[in-house]
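# Coordinate inspection notes
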Amino acid sequence: MSFDEALETSKIYSIVGKLPAKTPLISSRPFRAPHHTITDAGLIGGGTIPRPGEVSMAHNGVLFLDELPEFKKHVLEVLRQPLEAGDVTITRANQSMNFPSRFILVVASNPCPCGYYGDKVRECNCTPAQIQRYSSKVSGPLLDRIDLHLEVGAVAFKDMNDGRKGESSKVIKNRVDKSRKIQENRYKMSKRIFCNAQMTTAEIDTYCALDPASLRLLEKSVEKLGLSARAYHRILKIARTIADMDNKENLALSHVAEAVQYRRNG
Ligand SMILES: [Zn+2]
């Protein structure tokens with residue numbers, strides 16, 4: 001984290017009394033993974049004397065929700081405000097507190113209660129009604145705020161030990177750092193934002209200009225997939241990041257096509 005980010009995150013840990021005695025300044029990004037039995041006060045913050053919740057403990061880091069449909073529906077719905085605004089306001093009878101909560105939300109979910117719907121080998125035992133009930137626990141508006149949707153199939157045994165090595169985390173981190181640097185430089189003048197995710201509509205217009213072919217593709221995708229205006233802007237931000245990873249100043253058709261592809265299930 002930058003020094004300013006480290007200060008912000010450390011303040012929150014100090015308020016909840018979780019600042020490690022030997023580490024007065026938290027300098028690495030927090031990773032929070034609350035259990036699905038968490039209450040809305042635990043997630044978003046609350047109490048007679050308002051205390052920050054998990055969304056603020058994850059500020060400048062990652063909030064990971066495993067088995068998303070297992071969370072209570074009303075608990076998931078309270079995520080919408082911090083995801084949109086980057087902060088939360090907790091109002092009590094005699095006071096109102098505002099805590100920062102800008103985090104990367106990562107969620108995982110099975111396709112159905114038994115976990116095998118769509119599996120190539122094992123059979124799913126769920127009824128269509130069960131599958132429907134399971135997936136409907138996560139609302140459209142929440143899914144709409146998730147930019148990258150990926151389906152990951154089960155790994156066959158022979159693939160688990162075929163000796164192939166993937167890219168190391170170090171190599172991937174270098175690529176991410178490089179792309180972050182490009183973004184920092186781009187927004188240096190604004191002094192307000194430092195990465196693509198924080199672009200406003202005006203900034204999207206400036207930095208995500210499309211050529212005619214990309215514009216046509218996006219137009220077709222919006223119609224075909226029934227995408228919201230929010231999803232449209234989010235696709236452009238993702239395309240901007242893909243172009244940055246590619247070290248290209250202008251968005252190309254391939255960047256937009258890849259960004260749209262991540263929206264398929266959304
Ligand atoms: Zn199933």
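Residues numbered from 1 in each chain as written. Predicted model: local features only at pLDDT ≥ 70, side-chain atom pairs only at ≥ 80, totals over all residues.

So, on to the overall build of the protein. Looking only at helices and strands, the protein has 13 helices and seven strands in total. For 266 residues, the compact-globule estimate of 2.2 N^0.38 gives 18 Å, and the protein sits close to it at 20 Å. Here the C-alpha coordinates of the protein stretch approximately 55 × 50 × 45 Å along the principal axes. Counting all 266 residues of the protein, 22% fall into the buried class. (Helix = DSSP H or I, 4+ residues; strand = E, 2+ residues; numbered from the N terminus. Rg over C-alpha atoms; globule rule 2.2 N^0.38 Å. Buried ≥ 20, exposed ≤ 12 C-beta atoms within 10 Å, placed from the backbone.)

The subject of this paragraph is the pairing of strand S4 (residues 62–65). The alternating pattern of S4 places Leu63 and Leu65 on a buried face, while none of Val62 and Phe64, on the opposite face, is buried. Inspection of the sheet shows strand S1 (residues 31–32) paired to S4 by two bridges, in the parallel sense. Across the sheet, residue Arg32 finds its bridge partner in S4, namely Leu63. In this structure, S4 lies alongside strand S7 (residues 104–107), joined through four bridges in parallel fashion. From the neighbouring strand, Phe64 faces S7, where its bridge partner is Val106. (Pairing = 2+ DSSP bridges.)

Moving on, we come to the sheet that holds S7. Pairing in this open sheet of three strands is parallel, and the strands run S1-S4-S7 from one edge to the other. Of all the strands in the sheet, just S1 and S7 have a single pairing partner and so form its edges.

For helix H1 (residues 3–15), with 13 residues, the first-to-last C-alpha span of 19 Å sits near the 18 Å given by 1.5 Å per residue. Residues of H1 that are buried include every one of Thr9, Ile12 and Tyr13, and no others. End-on, the buried residues of H1 take up no more than an arc of 100 degrees, which puts them together on one face. Along H1, the residues that are exposed and aim more than 90 degrees away from the buried face are Phe3, Asp4, Leu7 and Ser14. Against strand S3 (51–52), helix H3 (54–57) and strand S6 (96–100) lie the buried residues of H1. Immediately downstream of H1, the backbone of Gly17 shows phi near 70 degrees, a positive value. (Expected span 1.5 Å × (residues − 1). Arc of directions from axis to C-beta. Contact = placed C-beta atoms within 7 Å.)

Attention now moves to the nonpolar core. Judged by nonpolar contacts, the single largest core of 16 residues is most densely connected at Ile12, Ile44, Val55, Ala58, Leu63, Val88 and Phe103. Every element with two or more residues in this core is listed here: H1, helix H2 (40–44), H3 and S4. Non-local contacts of Leu63, meaning those with residues more than four positions away in its chain, are made with Arg32, Glu54, Val55, Ala58, Phe103 and Leu105. The next biggest cluster of nonpolar side chains, apart from the first, holds 15 residues, and it includes Met199, Cys208, Leu251 and Val260. (Core = buried A, V, L, I, M, F, W, Y, C linked by C-beta atoms within 7 Å.)

Under the domain assignment, the protein is made up of domain 1 (3–160) and domain 2 (169–261). One C-alpha centre belongs to domain 1, the other to domain 2; they are set 24 Å apart. (Domains from an automatic or database assignment.)

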